[in-house]
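# Structural overview for review
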Amino acid sequence: MSFEYSLRYTLDPRTNTPQKDDLLLKFCEEGRVDNVAFFINPEELNHSHLTAAQTQVWLDAIRPLSERLAKVGVSTSLNPWTTIMHSDRGQVVNPEIGFSTLVDVNGHQAHSMACPGDQVWRDYLSARYAQYATVHPKELWLEDDFRHYNHSPLKLACFCPRHMRLYAEKLGRDVTRAEFVKEMLQPGEPTPARKAYLDVAREEMKVTVHQIEQAVHAVSPETNLAQMTSFPDWHAMEGRDWDGLFDNLRGAGHPRVARPHLPAYNEVAPLKYGRVFEDYTRTTAAYLGDDAQLWPELESYMYSPFVKSRKFTQMQIETAALVGAKGILLNLFDMIGNGIDESYGYAKMLADSKDFLNRISEQRLQMQKLRGIRVLVSQDSAYTLHTAKGAVPEELLPKETSWAALLSQFGMATTITPWRQDSVYQGEQLAVSGQFLRNLSNEQVEQLLTDNTVLLDGDSVAVIVERNLGRLLHIENAQWRPVRTGYQTYEAADGHTAEGVVAPRITMLQHVGDYYQIKYDAGSDVDVWSHAYNEVHEQLGNVMSIIDGHIIVLPLGSDPKYGWEAEYVGFRQALLQQALDTVGASDYLRGMPNVKLNVLADHACTTLWLANFTLDDYEQIVWHSGKPVAADSARLIIRRGANSIEQTVALQHDGADIRIAHPLRALETVQLIIE
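Presented here is an overview of the structure given in this document. (Residues numbered from 1 in each chain as written. Predicted model: local features only at pLDDT ≥ 70, side-chain atom pairs only at ≥ 80, totals over all residues. Heavy atoms only, no water.)

Before going further, it helps to examine the layout of surface pockets. By volume, the second largest pocket amounts to about 470 Å³. If you trace the second largest pocket, you find 18 residues lining it, with K311, Q314, R639, A666 and L667 closest to the centre. Sort the elements by how many residues they give to the lining of the second largest pocket and helix α10 (residues 310–318) lands first, with five residues. The class makeup of the residues in the lining of the second largest pocket is five nonpolar, four polar and nine charged. (1 Å grid on protein atoms, 1.4 Å probe; cavity = no way out; pocket = protein on both sides within 12 Å on 5 of 7 lines; lining within 4 Å. Points joined across faces, edges and corners; volume = space filled by probe spheres on them. Helix = DSSP H or I, 4+ residues; strand = E, 2+ residues; numbered from the N terminus. Nonpolar A, V, L, I, M, F, W, Y, C, P; charged D, E, K, R; others polar.)

The next thing to look at is the sheet that holds strand β28 (residues 588–589). An order of β28-β31-β35-β34 is seen for the four strands of this open sheet, with the pairing classed as antiparallel. Edge strands, defined here as strands with exactly one partner in the open sheet, are β28 and β34 (652–654). Alignment of β28 against strand β31 (residues 621–624), held across two bridges, turns out to be antiparallel. In the strand pairing of β31, L589 is matched with W623. (Pairing = 2+ DSSP bridges.)

Evaluation of the coordinates by the stated rule reveals 45 salt bridges. With its nearest N and O atoms 2.9 Å apart, the salt bridge here joins R371 to D587. Placement of R371 in strand β12 (residues 370–371) and of D587 in the loop between α16 (570–583) and β28 is noted, with a sequence separation of 216 residues between them. In this structure, a network of salt bridges that share partners links the residues R8, E143, D144, R147, R259 and E297. (Salt bridge = Lys/Arg side-chain N within 4 Å of Asp/Glu carboxyl O.)

So, about the packing of helix α1 (residues 18–31) against helix α2 (residues 52–71). Between α1 and α2, whose axes approach to 11 Å, the crossing angle comes to 30°. One way to sum up the angle between α1 and α2 is to call them roughly parallel. You can see that α1 and α2 cross each other, and the crossing is right-handed. Across from D21, D22, L24, L25 and C28 in α1, the residues of α2 making contact are L65, R68 and L69. Residues of the contact of α1 with α2, tallied by class, amount to five nonpolar, no polar and three charged. (Axes fitted to C-alpha atoms, helices over the stretch in contact; angles between N-to-C directions. Parallel < 35°, antiparallel > 145°, perpendicular 65-115°, else oblique. Left-handed = near helix turned anticlockwise from the far one by under 90°. Contact = heavy atoms within 4.5 Å.)

Turning our eyes to something else, we now look at the sheet that holds strand β27 (residues 551–554). As summarised here, the arrangement of the seven strands in space is β14-β13-β15-β16-β27-β26-β23, forming an open sheet in which the pairing is mixed. A single partner strand is all that each edge strand has here, and the edge strands are β14 (414–418) and β23 (526–528). For this sheet, the mean angle separating the axes of adjacent strands, direction not counted, is 25°. The sheet contact formed by strand β26 (residues 545–547) and β27 spans three bridges and is antiparallel. Looking across to β27, one finds that I546 is bridged to I552. Against the sheet, helix α14 (residues 442–451) makes contact with β13 (373–377), β15 (429–432), β16 (453–457) and β27, and its axis sits at roughly 120° relative to β16, the strand it touches most.

This next bit is on the packing of aromatic side chains. Considering all chains together, one arrives at 28 aromatic pairs under this definition. Ring geometry for Y273 versus F312: centroids 5.6 Å apart, planes at 70°, classification edge-to-face. Within this pair, whereas Y273 is found in helix α9 (residues 270–288), its partner F312 is found in helix α10, the two being separated by 39 residues in sequence. Assigned by exposure class, Y273 and F312 land together as buried. (Phe/Tyr/Trp six-rings, centres within 6.5 Å; stacked < 30°, edge-to-face > 60°. Buried < 20%, exposed > 50% of the residue type's maximum accessible area, 1.4 Å probe, protein only.)

With that settled, the discussion passes to the nonpolar core. If you look at the biggest cluster of nonpolar residues, it comprises 141 residues, and the most contacted ones within it are L24, F27, F38, I317, W403 and L576. In contact with W403, other than residues within four places in its own chain, are V375, S408, A431, V432, S433, L455, L456, D457, L554, W564 and L576. (Core = buried A, V, L, I, M, F, W, Y, C linked by side-chain atoms within 4.5 Å.)

Our focus in this paragraph is the pairing of strand β7 (residues 224–228). In terms of burial, β7 is largely enclosed, as five of its five residues are buried. In the sheet, strand β6 (residues 139–142) pairs with β7 via four bridges, with the strands oriented parallel. Note on β7: the bridge partner recorded for E139 is N224. With two bridges connecting them, β7 and strand β8 (residues 257–259) associate as parallel partners. Bridging from a neighbouring strand, Q227 pairs with A258 of β8.

So, about helix α13 (residues 402–409). Of all eight residues making up α13, eight are buried, and the element is well covered by its neighbours. Backbone geometry just downstream of α13 places G411 in the positive-phi region, at approximately 80°.

Turning to the environment of D104, a few remarks are in order. Relative to the elements of secondary structure, D104 occurs in the loop between β4 (101–103) and β5 (109–114). Distance from D104 to M1, taken between C-alpha atoms, is 44 Å for residues 103 residues apart in sequence. Those residues in contact with D104, other than ones at most four positions away along the chain, are L154, K155, L156, A157, F159 and R177.

Now for the packing of helix α8 (residues 242–250) against α9. Here α8 crosses α9 at 70°, and the two axes come no closer than 9 Å. In terms of orientation, α8 lies roughly perpendicular with respect to α9. Counted together, W242, D243 and F246 of α8 and T284, Y287 and L288 of α9 form the full contact between these two elements. Classifying every residue of the contact of α8 with α9 by side-chain character gives four nonpolar, one polar and one charged.

Glancing now at the side chain of H662. Examined against the element boundaries, H662 turns out to sit in the loop between β35 (657–660) and β36 (669–674). Separated by 3.4 Å, the side chains of H662 and Q647 make a polar contact. (Polar contact = N/O pair within 3.5 Å; in protein donor to acceptor, adjacent residues only side chain to side chain.)

Time to look at the environment of S530. Mapped onto the secondary structure, S530 falls in the loop between β23 and β24 (531–533). For the pair S530 and T83, spaced 447 residues apart in the sequence, the C-alpha separation amounts to 52 Å. Non-local contacts of S530, meaning those with residues more than four positions away in its chain, are made with E491, A492, A493, D494, G541, N542, V543 and M544. A distance of 2.7 Å separates polar atoms of two side chains, one belonging to S530 and the other to E491.

Our focus in this paragraph is unusual backbone geometry. Across the junction of S152 and P153, the peptide omega takes the value 0°, indicating a cis bond. Tracing the chain through its elements places P153 in the loop between β6 and α4 (161–171). Cis geometry marks the peptide bond from Y301 to M302; its omega dihedral reads 10°. Its identity as a non-glycine residue notwithstanding, R32 has a phi of 60°, on the positive side. The topology assignment puts R32 in the loop between α1 and β2 (35–40). In the Ramachandran plot, N150 falls in the positive-phi region, its phi being about 55° despite a non-glycine side chain. Tracing the chain through its elements places N150 in the loop between β6 and α4.

So far we have only geometry, and geometry alone does not tell us how the molecule works.
And the structure:
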C-alpha cells in the first residue's frame, strides 16, 4: 500500500495567475504529492454560504488546473469550507438562500451559521454538493464545521424554536429553552431532556449526510464522500453515531473516508503532542474501524516554519502511520490565495519521507488487532454520565482516554477500543477511566472485572461503589478527598523501589484530580502498593492497589484543566510496569520515556512500530515482550534523509527483555518486523 499526500490548496478565482499554477505543479512533482484538495470559499476569502452562481465561479477556476494535474498523475479532490459554517465573522445568510440559523444553549442566535435541523438548509447543502460533484473529484469533503458545538462565539446548539418543538414532542410537554437546558444538564441520573437533545442531534446529522450522498452519487458515482472530524469527546456531547453517520455518508460500494484531527495547529512540545494524539487522533481512528481510509490533517495555522518547524511537521506526517493512515491531508500554505511559498522548504521534506512511508505502509497498522492494553471508550457516554453541577454543557464530556495517553507515553503497548452493547472480553488487559462503566449493566460490569485484567481510575471505582458493586473490589467504604484542600499532598510506594528510589513519592497536591480514599475489607485479597500522606507524613489511606491478583486500582480523578499531568513521572511508569508484571505478561519499553510502542502479531510475523515523541535520542531499544520471541534477528526499517533503509538487527534476549543495539533518534518512527 502506498502512502498518499493530499495537498489542501486555495486557488483564488479573482487573483490566480499562471505563475501560481506552475508553482503548484512544480511543488507536486518535487514533493511527490498525489492529490490536490482545492478549497472553496475558505477562511479569509469566505463570504458566507454561496449561491449556485457564486459556487460556479470557483469550479470554473479549478477545472482547467485539475485537468493539468491529471496529466501528471495528480488527482483532484474538493474541500468546500462550509457546511453549517465555522463562525459568523460578520456575515449573514443571503436572503436568496433563505435558511434559518442556529440558536445556542444560552439563547444567542447566529447570523450565518445554519440550523442543522432546517430542511431548507439541507436542500441547499445537497444542491451545492451535487454541483461540486460535476468536477468528479476523487474525494468530496465535508468540513469539520459539521457539528453542533464550537461555532464561535456561540456555544452548544441547537435550541431554536424548531428544535424546541422537537424536544417538546419527545418530552410530551411544552418546555422553555432555559427549562430544557437546566433539565438536560442537571446532576444525577440522566434525564429525558438529555436523551431528547442527543437523539435529535444524532439523527439529524445522519439524515443530512444521507441526502447529500444521494445527490452527489447521482452526479458522480465514483466520488468518495469524506468527513472531517473534530474532538471525539466533544462529538460524544452531540450524540455522534460514528457507524451510522459514516455509513449514511459513504453510500453503497464506497469506503468510510475521514480526516481525523491532528492536535497541533502550532508547534507544541512533542511529548505533549504524543498525549493528545491518543485523545483525539487514535480515538477517532478506533471509532471508524480498521477498514476506514484515514487522512489525518496536518495544519500549520497561521502557516510557515515560524509556527512549526519542518522536523516537527515531518514527525506529524510519519507518526500518522500509528493510526494505519492511507495518507495525510497537508494544510501547509495559507488559505488566502498566496499559493506555494518555496522558501518554506516543504517539497524536500515531503519527498524525503515518501519512500519510508510507502515502505512501512506495506504492513499497515490495524488498531483493533494490536496486542496490549485495550482502553475502552463509548460514543454513548454523554447519554449515561452524571454531571457534577449541571452548570455548563462541558460537563457532558467523557473522560475515558486518561489511561490511553498515560500508558502509551510510558512505552506500554495499548490500543483504543469502542464498546458496543454486545461486547464481551475475556482474558484481556483492559483500562477503564471516567464514567465509562455507566454504559454497562451491573452484570456486564461484573463479567468485565471477573474475566479480565483491568486497570481502574478513581472515577471508575466510584461508579462501581455507587451501583452497590463494591463487593467486586472488596471495598468496605470509600469517599472523595478533593485536591488542594489541605488533606493529601503526596503518595508513597511503601515497600517498593522504582528507578533506584526506595518508597518513591509522587505528588497528589496539584495537576491531578481528587483522591478516592478506599478502605478494603479486612482479610481480602488486596495488595496495597502505596499510601496517601499529608505534609507532616501522616498516612491517610490506600492509593495504588492490586485486587485479586488481576485488578489494578489507581484511585485518582482527573483535574478539569491538567488531567493527569502529575502522573507523567518515571516512578509511576516503573510502578505500573512492575504491577503489570505481577498480574500477567505485557509488552512495554524500558528506559525510553515518551516512546510509543505498537505490536501487531499475526500468523506470519510480529510487527512493531516505535515512535519517539521527544527530543532525546536513545542509544538502544529495550523491549519487554509480553509473549515469547524465538527469533534472534529482525528487519528494521528506518529513514535516513530521503532513503528508506531496511537492515537486519540482532535480538539480544535477556529474560523477557529484548535489546536491539540500534539507536532511536529524536522524533523518529521506525518499524521492526520479526518473522
